[in-house]
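Fold and geometry: a report
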Amino acid sequence: MKIRILVVMTVFLLVGAAFAAAPDFGGLDRDGNGYLDPSEIDGAAPEIFKNHDRNGDGSLDRSEFETAGGSPARFDQIDADKNGRIDLNEFREAARRRFEQYDANRDGRIDVQEWNRRQTPIANPLILFYF
Ligand SMILES: [Ca+2]
Ligand SMILES: [Ca+2]
Ligand SMILES: [Ca+2]
């Protein structure tokens, strides 16, 4: 009986460890290979952009950006041509630069260690790359 309990506990621990070792990067690891690559970040960008373009005018204004959790300073960084709106190209370019920041060892992918090294744990991982 004791052995059976031990076995059950061991299985729970192993399953728990597997989950801890393989985060899904907030759903961004689309192919589930345990890494984020630039195409996953770039591939998700148009849909995320569209979801936050609330008035459907093809750009993100300040209020749309800040509603998504972005900061005013970040908006100014991304709005490269300073016209007060972020277009899809600026949005993708900013996500690409963020990817490079997090890819500390420059191997073209973000692994679990790099992911866990983020300064602040943020509830919504989309903010890390896009807002
Ligand atoms: Ca991946
Ligand atoms: Ca808009
Ligand atoms: Ca890397």
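Above: the structure in question.
In short, a report on the structure.

What counts as what
- Residues numbered from 1 in each chain as written.
- Chains lettered and ligands numbered in written order.
- Predicted model: local features only at pLDDT ≥ 70, side-chain atom pairs only at ≥ 80, totals over all residues.
- Helix = DSSP H or I, 4+ residues; strand = E, 2+ residues; numbered from the N terminus.
- Buried ≥ 20, exposed ≤ 12 C-beta atoms within 10 Å, placed from the backbone.
- Contact = placed C-beta atoms within 7 Å.
- Core = buried A, V, L, I, M, F, W, Y, C linked by C-beta atoms within 7 Å.
- Expected span 1.5 Å × (residues − 1).
- Bend = angle between axes of the 7 residues up to and from the residue.
- Axes fitted to C-alpha atoms, helices over the stretch in contact; angles between N-to-C directions.
- Left-handed = near helix turned anticlockwise from the far one by under 90°.
- Nonpolar A, V, L, I, M, F, W, Y, C, P; charged D, E, K, R; others polar.
- Arc of directions from axis to C-beta.

Quick word on the overall build of the protein chain
Each helix and strand counted, the protein chain has seven helices and zero strands in total. Of all 131 residues assigned to the protein chain, the portion counted as buried reaches 18%. Within the protein chain, contacts between residues separated by at least 24 positions form 56% of all contacts whose residues are at least 6 apart in sequence.

Thoughts on the nonpolar core
Ranked by internal contacts, the top residues of the largest apolar core, which has 19 residues, are Ile41, Ile86, Phe91, Ala95 and Phe129. When contributions to this core are tallied by element, the ones reaching two or more residues are α2 (38–52), α4 (72–78), α5 (88–102) and α7 (126–130). The element that contributes the greatest number of residues to this core is α5, accounting for four residues. Among residues more than four places away in sequence, those in contact with Ile86 are Ser59, Leu60, Phe65, Phe75, Ile78, Asp79 and Phe91.

Digging into unusual backbone geometry
Positive phi is not limited to glycine here, since Lys82 has a value of about 55°. Locating Lys82 in the fold gives a position in the loop between α4 and α5. Overall, Lys82 belongs to the exposed group, with 7 C-beta atoms counted inside 10 Å. Positioned with a positive phi, Arg106 is a non-glycine residue whose angle comes to about 55°.

Details of α2
Here α2 is 15 residues long and its end C-alpha atoms lie 21 Å apart, about the 21 Å a rise of 1.5 Å per residue gives. Within α2, the axis deviates most sharply at Ala45, by approximately 35°, and proline Pro46 lies no more than four positions further along. Among all positions of α2, only Glu40, Ile41 and Phe49 are buried. Where the residues of α2 are buried, they touch α5 and α7.

Quick word on the packing of α2 against α5
Where α2 meets α5, the axes come as close as 10 Å, and the angle between the chain directions of the two elements is 145°. You can see that α2 and α5 cross each other, and the crossing is right-handed. On α5, the residues touching Pro38, Ile41, Asp42, Ala45, Pro46 and Phe49 of α2 are Leu88, Phe91, Arg92, Ala95, Arg96 and Phe99. Looking at the contact of α2 with α5 residue by residue, the classes come out as nine nonpolar, no polar and three charged.

Focus: α5
For α5, built from 15 residues, the straight-helix expectation of 21 Å at 1.5 Å per residue is met to within 8% by its first-to-last C-alpha distance of 21 Å. Of the positions making up α5, those classed as buried are Phe91, Ala94, Ala95 and Phe99. Seen from one end, α5 has its buried residues packed into an arc of 145°, which puts them on one side. Residues of α5 that are exposed and point more than 90 degrees away from the buried face comprise Asn89, Arg97, Glu100 and Gln101. Along its buried surface, α5 packs onto α2, α4 and α7.

Looking at the environment of Asn116
Within the fold, Asn116 resides in helix α6 (residues 112–116). Separated by 91 residues in the primary sequence, Asn116 and Phe25 have C-alpha atoms spaced 9.8 Å apart.

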